Every structure is written in C-alpha cells, then in structure tokens.
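These are the residues of each chain, in order.
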Amino acid sequence: MTRNAVSVGAAMCFAFICIFVAGIAAASISSDGSFRLLKLDGHHVKWGDSALGAGATVRYAFIDAPRRFDGARNCQDLVPMDHLALRHGISQATLQAETAAAFRVWEAAANITFVPVDDVERADILIGAQGRPTGRAFANVEYQPGSNDGVRAIERALICLNPYQPWKVGFDGDIGVYDIRYTLVHEIGHAIGLDHPGPSGQVMSFRYSEKFSDLQPGDYRGVQLLYGVSMNSMAADSTSD
Ligand SMILES: [Zn+2]
C-alpha cells in the first residue's frame, strides 16, 4: 500500500459494518474494553502536547469551496456542507449549531477546547460534505512524523458526511436515518484520537444507536486519558459536595 511518508489517514467509519483499512496497527483498548485509543502505524495520536493527559486547543472550520486532499484515505474530496443542507432542508444555521454542540460534548468531558474559525487555512479540523459520496460519515487523521516511540501530534483531521444519505436533527427512533449531531460527536472522537472500542455501548462504538445521546463512561475515560479532565468539570466538582 502506498502511503504518504508525512501523514497517514485512518479509515474511520460510522456504519453498521466498519472495515478498517490496512495500515492501522492494533489499537490500545482499555482493560474493560470501554474505550480504545486510535493507533496509527503503532503510535497513539493526539492534539497539542504529546504527553498523555495534556490539554489542547483545536480550531475547526467548514469547507467553503470544493477542495481535494491528496493523500487522504477518507474525505479526499470535500465540498461545502450546503450540498447536504440543501438536499435535506436543514439550514446552515442549524448545521453549524449542531456541529458546535457536538464539539461542546467533548469539550465538557476533557481538557480540550474547540474554536470555530472562518479561515479554512487556519483550521485544524475541516468539516464538509463528501465530494465523492460513500458510506455515511468518515474522519481522516494525519499526524506529524516523530523520531521516537512516543505519542504523535495530530496535524490535521478531516470530517465528511455523505450528502446523499438521509440525515436528521434529533433522535426519532429510526436508526436508518442518522442524527447529524450524534454522528459528528462520533467522528470528532476519531478526529481527536479515539477508535472504536466495539460495536455498541459507547458513543465511540461503531454501530449507530439512539439509546443515549451523551458520552458514556468509556468515552469519558478515553478522552480524559488523552487530554485530562475538563477544567469545567473540575470546577463543577469543587463546588459540589
Ligand atoms: Zn467510527
């Protein structure tokens, strides 16, 4: 398999059947199986300082014009999200609000901050609709090469949704139509270094479900291992008794 020497994309999907692309080494799974850290070519990956537990600030933007990412394994062709919005009668404002809410879910759980930016060139995570639709939703994670065996710094992540699949806002019990926010929470999880622990039970599980909308215990443990506990949750803890 040809691979870009600088970065590698992780094949990440969110569907009833997920197929990992070769090149992803065995991931680290927690002892109770509730979370799994993404492992790319033998290395865990995270934003910010490479020390496990160190916090990070990550900028995200929506793709504003068709763009190709040579070397990306997923989301190679991204187009603006209005391709999805127009097909499903979802307003841009709603899409942006759902996306912001999805980022806040992780922000509330760990010491990671997400900042929306308009300039795609300044963004760390880019979000768009697929220019070549396939599957439901994917993430692509690229990391900086390093000379030692430590954790690698994520350099850029792409998140893409298939505009030709049905989408909805909110749960309604029909698991054939995915909720945009829940799907984005899952894909953002990949974009910050988490893998699938298994088929079900966590937001990071690979099977879509509407049994819960919040992060589950394994999701918390995974993201907190990578970025530490959220400053907000620590403040909340200290004021409660
Ligand atoms: Zn996934």
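Thresholds applied
Once a new chain begins, its residue numbering starts again from 1 and follows that chain's sequence as written. Under the rules for a predicted model, residues below a pLDDT of 70 receive no local features and side-chain atom pairs below 80 are neither given nor counted, while totals for whole chains, interfaces and linings still include all residues. Put simply, DSSP marks the helices as runs of H or I at least four residues long and the strands as runs of E at least two long, and each gets a number from the N terminus on. We call a residue exposed when 12 or fewer other C-beta atoms sit within 10 Å of its C-beta, buried when the count reaches 20 or more, and partly exposed for counts in between; the C-beta positions come from the backbone. Two residues qualify as a contact pair if the distance between their C-beta atoms, derived from the backbone, is within 7 Å. Orientation is described by axes fitted as lines to C-alpha atoms, over the contacting stretch for helices, and by angles from 0 to 180 degrees between their N-to-C directions. Should an angle fall under 35 degrees it is taken as roughly parallel, and over 145 as roughly antiparallel, whereas 65 to 115 is taken as roughly perpendicular and any remaining angle as oblique. The sense of a crossing depends on the near helix, which, turned anticlockwise from the far helix by less than a right angle, makes the crossing left-handed and, turned clockwise, makes it right-handed. Any residue that is not Ala, Val, Leu, Ile, Met, Phe, Trp, Tyr, Cys, Pro, Asp, Glu, Lys or Arg is counted as polar, Gly included; the first ten are nonpolar and the last four charged. Here, expected helix span is obtained from the residue count minus one, scaled by 1.5 Å.

Here's the deal with the overall build of the protein chain
On a plain count of helices and strands, the protein chain comes out with five helices and 15 strands. Of all 241 residues assigned to the protein chain, the portion counted as buried reaches 45%. Within the protein chain, residue pairs in contact and separated by at least 24 positions form 71% of the contacts whose partners lie at least 6 positions apart.

Observations regarding the packing of helix α2 (residues 92-107) against helix α3 (residues 180-191)
Between α2 and α3, whose axes approach to 8 Å, the crossing angle comes to 45 degrees. In this view, α2 runs oblique relative to α3, as classed from their interaxial angle. Like other packed secondary-structure pairs, α2 and α3 cross with a definite hand, here right-handed. Packed against α2, whose contacting residues are L95, E98, T99, A101, A102, F103, V105 and W106, the element α3 presents I180, R181, L184, V185 and I188 at the interface. Counted by class, the contact of α2 with α3 contains ten nonpolar, one polar and two charged residues.

Some points on the environment of V58
Considering the arrangement of structural elements, one finds V58 in strand β6 (residues 56-62). Here V58 falls in the buried class, since 22 other C-beta atoms lie within 10 Å of it. Other than its neighbours up to four places away in sequence, V58 contacts W47, I112, F114, D124 and I125.

Some details on α2
For α2, spanning 16 residues, the distance from its first C-alpha to its last is 22 Å, which sits close to the expected 22 Å at 1.5 Å a residue. Within α2, the full set of buried residues consists of L95, E98, T99, A102, F103, V105, W106 and E107. Residues of α2 that are buried sit in contact with β6, α1 (82-88), β9 (112-116), β10 (125-130), α3 and α4 (217-227).

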